[in-house]
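Here is what each chain is made of, one letter per residue.
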Amino acid sequence: MPSAFETGLTTGNLGAIRACPKCDLHNHALLGGNRQFVEARTGRNVEPLQDRLNSMAEMHDWVGRNVGAIFEGWKGRLLAFEAAFIQAREDGVIRLEVGEDVWAITLFDGSADRLTYALRHIHETVAPEIEWVPQLGMSRHCPVSALERWIAPFLDLGTYRTLDHSGDEFAQSISVFKPIYRRAGERDLRLKAHVGEWGTADDVWRAVEELELDEVQHGIAAVESSAVMGFLADHRIRLNICPTSNAMLGRVKSLASHPIRRLYDAGVVVTINTDDVLVFGQGVSEEFMSLFDTGLFAAGELDRIRLNGLLDDD
C-alpha cells in the first residue's frame, strides 16, 4: 500500500506532502526563511528568482539587488534564523540542520555563548517540535587563521553537531582546512563541505578523503566518474542535494536531467533539500513535487529518499 507521502505525490496534493515528516539538511539560514514571515516583519516581499543564472557571482548580484540589507547586523541574522524555522515548521520539516557562520561571533561581542543562546532561544520559542541540528559554517573566503580563532569557542561549548564550509570552491585549497576539520572531528561533529557543485568529481573524492567528510553538500559533480560514485556508495557518504538551486544557477541543464537520478541509481545516498528558499522559491515539499512531476523519480523512490534524511546518522 502506498504511503501518505506517495499518495500526495501521485495526486498532486502539496498539502498532503507538507503533512509528511521531512528533513532539510542543506539550508543556509540567511536566505532559507519563509517569504511571508519576512515580508510581515520587514515590509519587503522578496520575489524568488525567475530566470536562470550562470554562476554564484550572478546569484550574489541578484541577492544584493533583491534582498539588500534586510538581514544585516546581529538583529537581521537572528531574523533570518527565525524565518528559517518558520519555513521548516510550515513545510513539515522535523529535522533541520542549520546554524551560523563562525565569523558571526564578531557581531556578538566575540561571544559564542551569547550567539548560541540567541539561536537556541529562537528554536525553543518558534518550533521546539523540530529536531534542530546546530551547525557551524565557515567561508572558504576567510583566512584560515581567522576561522581557527572564531571556531574555537564554539567547539568548546559542545552544542554544535555538524561543521560545513561553503563559498567559492576555488577560493582556497581544500587542504588548508584540514586542521580545523581534524579538531572538529575530535569533538565528534559530523563533517560536511560544499564541494562538487562547481568543481569536478575528483574534487569531491579529494575533499571526502582529506577532510574525512561524513556528508557532502551538493556533490553532483561525482556523476562524472563511476569510480567516485562507487567510492561514495561504498563509504555511505551522503550527498545533500538541492535540485532547484542547481538548475536555477545553471549548474544542470534542467530539473528533468538532474544527475541526482544517476547518483541514486549508482547507490549513492542522497537527500533533497532547499539551499536558499528566499532565492529559489521552493520548500522541501515543492522540491519533491517538482522531481516527481518531471518524471525523474517514481513516488516510491522519492519516499525512500525522504527517509534517508530522517534516519539516524550514526
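Details of the structure are given in the entry above.
So what exactly am I meant to see when it comes to the overall build of the chain here?
Check the secondary structure of the chain and you find 15 helices and nine strands. Taken over the C-alpha trace, the chain has a radius of gyration of 18 Å; the compact-globule value for 314 residues is 20 Å, and the two agree within 12%. Counting only C-alpha atoms, the chain reaches 55 × 45 × 35 Å along its principal axes. Looking at the 314 residues of the chain, the share that counts as buried comes to 58%. In the chain, 75% of the contacts between residues at least 6 apart in sequence involve partners at least 24 apart. As presented, the chain carries roughly 12800 Å² of accessible surface, and 49% of it is formed by carbon and sulfur atoms. In the chain, 31 side chains carry a positive charge and 47 a negative one; their mean positions are 1 Å apart.

How should I be thinking about the pairing of strand 7 (residues 215-218) in this particular structure?
As a general feature of sheets, a regular strand has side chains that alternate between the two faces. As paired strands, strand 6 (residues 194-195) and strand 7 are joined by two bridges and run parallel to one another. Bridged to Val195 within strand 7 is His218. Between the parallel elements strand 6 and strand 7, the chain passes through helix 9 (residues 201-211) in a crossover that is right-handed. The sheet contact formed by strand 7 and strand 8 (residues 238-241) spans three bridges and is parallel. Among the inter-strand pairings, Val216 is bridged to a residue of strand 8, identified as Leu239. Traced from strand 7 through helix 10 (residues 226-234) to strand 8, the parallel crossover comes out right-handed.

For this particular structure, what's the right way to read the sheet that holds strand 7?
The strands making up a sheet are joined through hydrogen bonds of the backbone, oriented either antiparallel or parallel. Sheet architecture is open: four strands sit in the order 6-7-8-9, paired in parallel fashion. Each edge of the open sheet is held by one strand with a lone partner, namely strand 6 and strand 9 (270-272). Pairing of strand 8 with strand 9 involves three bridges; the strand directions are parallel. The partner of Leu239 across the bridge, within strand 9, is Val270.

Sorry, what's going on with helix 7 (residues 144-157) here?
Since the α-helix turns once every 3.6 residues, residues separated by three or four places project in the same direction. Here helix 7 is 14 residues long and its end C-alpha atoms lie 21 Å apart, about the 20 Å a rise of 1.5 Å per residue gives. In this structure, the buried side of helix 7 is in contact with helix 6 (112-126), strand 3 (131-139), strand 4 (162-166) and helix 8 (178-186). Among the residues trailing helix 7, Gly158 stands out with phi positive, at a value near 75°.

Explain the environment of Gly199 here, please?
Among the secondary structure elements, Gly199 is positioned in the loop between strand 6 and helix 9. Residues Gly199 and Asn246, spaced 47 residues apart in sequence, show a C-alpha to C-alpha distance of 13 Å. Discounting chain neighbours no more than four positions away, the residues touching Gly199 are Glu169, Phe170, Ala221, Glu224 and Arg251.

Mind showing me how you'd approach the pairing of strand 3 here?
Summarising burial for strand 3: eight of the nine residues are buried, a large majority. Relative to strand 3, strand 2 (residues 93-101) runs parallel, the two sharing seven bridges. Paired with Leu96 across the two strands is Trp132, which belongs to strand 3. Handedness of the crossover joining strand 2 and strand 3 through helix 6 is recorded here as right-handed.

Which parts of the structure should I look at to understand the pattern of salt bridges?
Close approach of charged atoms allows side chains of opposite charge to pair. Tallying each qualifying case throughout the model produces 17 salt bridges. Here Asp109 makes a salt bridge to Arg114, at a shortest N to O gap of 2.6 Å. Exposure remark for Asp109: the relative accessible area of 70% places this residue in the exposed category. With a relative accessible area of 35%, Arg114 lands in the partly exposed category. Residue Glu215 pairs with Arg238 through a salt bridge whose shortest N-O separation is 3.1 Å. Residue Glu215 is found in strand 7, and its partner Arg238 is found in strand 8; the two are separated by 23 residues along the sequence. By the burial criterion, Glu215 is buried, and Arg238 matches it. One connected set of salt bridges, linked through shared partners, spans Arg18, Asp91 and Glu286.

Teacher, can you tell me more about the nonpolar core here?
Nonpolar side chains in soluble globular proteins generally cluster together in the buried interior. Residues Phe85, Leu163 and Leu232 are the most contacted members of the largest nonpolar core, which totals 104 residues. If one sorts the elements of this core by residue count, helix 5 (residues 73-90) sits on top with nine residues. Setting aside residues no more than four positions away along its own chain, Phe85 makes contact with Leu96, Val98, Ile122, His123, Val126, Ala127, Ile130 and Trp132.

Is there a simple way to think about the packing of aromatic side chains in this case?
Two aromatic rings, taken as a pair, are described by how far apart their centres are and by the angle between their planes. This model, assessed by the stated rule, comprises eight aromatic pairs. Here the aromatic rings of Trp205 and Phe231 are separated by 4.6 Å at their centres, their planes lie at 15°, and the arrangement is stacked. Linking Trp205 in helix 9 with Phe231 in helix 10, this pair joins segments that are 26 residues apart in sequence. We classify Phe231 as buried; its relative accessible area is 9%. The residue whose ring lies beneath Arg114 is Trp74, and the NZ or CZ to ring-centre distance is 5.7 Å. Residue placement shows Arg306 over the ring face of Phe5; its charged tip is 4.9 Å from the ring centre.

Definitions and cut-offs
- Residues numbered from 1 in each chain as written.
- Predicted model: local features only at pLDDT ≥ 70, side-chain atom pairs only at ≥ 80, totals over all residues.
- Heavy atoms only, no water.
- Helix = DSSP H or I, 4+ residues; strand = E, 2+ residues; numbered from the N terminus.
- Rg over C-alpha atoms; globule rule 2.2 N^0.38 Å.
- Buried < 20%, exposed > 50% of the residue type's maximum accessible area, 1.4 Å probe, protein only.
- Contact = heavy atoms within 4.5 Å.
- Areas by Shrake-Rupley, 256 points an atom, 1.4 Å probe, with all protein chains shown as cover.
- Lys, Arg positive; Asp, Glu negative; His and termini not counted.
- Charge placed at Lys NZ, Arg CZ, Asp CG, Glu CD.
- Pairing = 2+ DSSP bridges.
- Right-handed = clockwise from strand over helix to strand, strands pointing away.
- Expected span 1.5 Å × (residues − 1).
- Salt bridge = Lys/Arg side-chain N within 4 Å of Asp/Glu carboxyl O.
- Core = buried A, V, L, I, M, F, W, Y, C linked by side-chain atoms within 4.5 Å.
- Phe/Tyr/Trp six-rings, centres within 6.5 Å; stacked < 30°, edge-to-face > 60°.
- Lys NZ or Arg CZ within 6 Å of the ring centre and 35° of its normal.

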